[in-house]
Amino acid sequence: MKVALHGLALKAELFSDVQSLFAELIKHQFEIFATEQFDRQLRMHGNKSLNYWVLENREDMASMDFVISIGGDGTLLDAVCLVGELEIPILGLNTGRLGFLATVATEKISDSIADLANNNYQIESRTLISLQSHRKLFNGLNFGLNEFTIHKRDTSSMITVHTYIDGKYLNSYWADGLIVSTPTGSTGYSLSCGGPLISPEAKNLVITPVSPHNLNVRPIIVSDESEISFEIEGRTEKFLISLDSRSTSISSEVKLSVKKENFSAKLVKLPHYHFFDTLRQKLNWGLDMRN
């Protein structure tokens, strides 16, 4: 089987973990490839011992059986962009703090690669959100795994986002911004703004205001079959929009709408892992000094 390795920022102290990963992949007879970004990281650390091929085009990526993301949740989000409509299963090796997406700890490398080799895993389909506009935005990578966000550009006064569901008027949000989150993204920016937690397999999107002017405005959950469109007003002519960690500036005349993407992100789910376990660990559920 063929596996592509992807990473954005490899620290020197983690190079031994990468060597362990290569050793396990070779042991289980994987053909090892690296994205151009990860190849640069390895060469920066003076790699002379690890052998692999570099992915040079889309056709090379399409032949992969798995992609292993080496880093945190941000690296895995970047891997989702690289894979796109190819829907290659992605496994997140976490080299930082506990993540909601990159869930494999470095001490579990041996067991995890053995599970891959022995088909001892499941594939989770995660909804992606798609941005529609009459202008080309984000160099054509108009989808994200976590959320789409509209935000005021600087320290200027709040903006007004007129929001419609399938053409029906929902609300005018007076706020610093507005988030439309997937179930996967419900543990991210939306959560920090008071949005609900949603199980990854739910068929919903969440609309969450950022610092709303009216305190009675609350997040709302809608079907992921909906199309959500926006009209933006403010004292300035420019606003920020983002898809996951990518952002760009737009003017108010740009027409925007979001809906569920036609393809999904495929994440590798290994044995003995469940989303609820990560929730308890990440959010310290059940942790009480009295107990």
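The shown structure was predicted, so the numbers you read here are calculated from the model rather than taken from an experiment.

So, how was this worked out
Residues numbered from 1 in each chain as written. Predicted model: local features only at pLDDT ≥ 70, side-chain atom pairs only at ≥ 80, totals over all residues. Heavy atoms only, no water. UniProt positions renumbered as here; feature names shortened; annotations may be inferred. 1 Å grid on protein atoms, 1.4 Å probe; cavity = no way out; pocket = protein on both sides within 12 Å on 5 of 7 lines; lining within 4 Å. Helix = DSSP H or I, 4+ residues; strand = E, 2+ residues; numbered from the N terminus. Patch = residues over 30% accessible without salt bridge, like charges linked within 9 Å, V, L, I, M, F, W, Y side chains within 5 Å. Areas by Shrake-Rupley, 256 points an atom, 1.4 Å probe, with all protein chains shown as cover. Salt bridge = Lys/Arg side-chain N within 4 Å of Asp/Glu carboxyl O. Expected span 1.5 Å × (residues − 1). Buried < 20%, exposed > 50% of the residue type's maximum accessible area, 1.4 Å probe, protein only. Contact = heavy atoms within 4.5 Å. Domains from an automatic or database assignment. Buried area = accessible area lost by both parts, 1.4 Å probe. Polar contact = N/O pair within 3.5 Å; in protein donor to acceptor, adjacent residues only side chain to side chain.

Enquirer: Explanation requested: the UniProt feature "binding site: NAD(+)" (unreviewed entry) in the protein in the structure shown.
Expert: Mapped onto the present numbering, the UniProt feature "binding site: NAD(+)" (unreviewed entry) falls on Asp73, Gly74, Asn146, Glu147, Asp176, Thr187, Gly188, Tyr189, Ser190, Leu191 and Ser192. These annotated residues cover 120 residues of sequence, and their C-alpha atoms sit far apart, with the largest distance between any two at 25.1 Å. Residues from the named set that contribute to the lining of the second largest pocket are Asp73. Relative to the helices and strands, Tyr189 resides in helix α6 (residues 189-192).

Enquirer: Any chance you could explain a nonpolar patch on the surface here in plain terms?
Expert: Residues Leu197, Leu283 and Trp285 make up a contiguous nonpolar surface patch of about 260 Å² in total accessible area. Relative to the elements of secondary structure, Trp285 occurs in the segment after α7 (275-283).

Enquirer: Explanation requested: helix α1 (residues 15-27) in the structure shown.
Expert: Owing to its 3.6 residues per turn, the α-helix aligns residues three or four sequence positions apart on the same side. With 13 residues, α1 ought to run about 18 Å at 1.5 Å a step, and its terminal C-alpha atoms sit 18 Å apart, in line with that. Where α1 is concerned, the buried positions are Phe15, Val18, Leu21, Phe22, Glu24 and Leu25. Against the buried residues of α1 lie β1 (2-6), β2 (31-34), α2 (36-44), β4 (66-71), β5 (90-94) and α5 (109-117). Positive backbone phi, at 65 degrees, marks Gln29, one or two positions downstream of α1.

Enquirer: Even after reading the chapter, I still don't get the domain arrangement of the protein, so can you show me in this structure?
Expert: A common measure of how large an interface is: the accessible area buried when the components associate. Looking at the assigned domains, one finds that the protein contains domain 1 (2-121 + 270-283) and domain 2 (129-262). Each of domain 1 and domain 2 has a C-alpha centre, and the two are 30 Å apart. Listed by partner, the interface residues are 10 residues for domain 1 and 13 residues for domain 2. Taken over both partners, the interface formed by domain 1 and domain 2 buries close to 940 Å², and the fraction arising from carbon and sulfur atoms is 83%. If you sort the residues of domain 1 by the area they bury against domain 2, Leu77, Cys81 and Phe275 come out on top, with a joint share of 51%. Linking domain 1 with domain 2 are 0 salt bridges, by the criterion used here. Seen at the junction of domain 1 and domain 2, the total is 0 residue pairs in polar contact (both at pLDDT 80 or more). Every element with two or more residues in the side of domain 1 that touches domain 2 is listed here: α4 (73-83) and α7.

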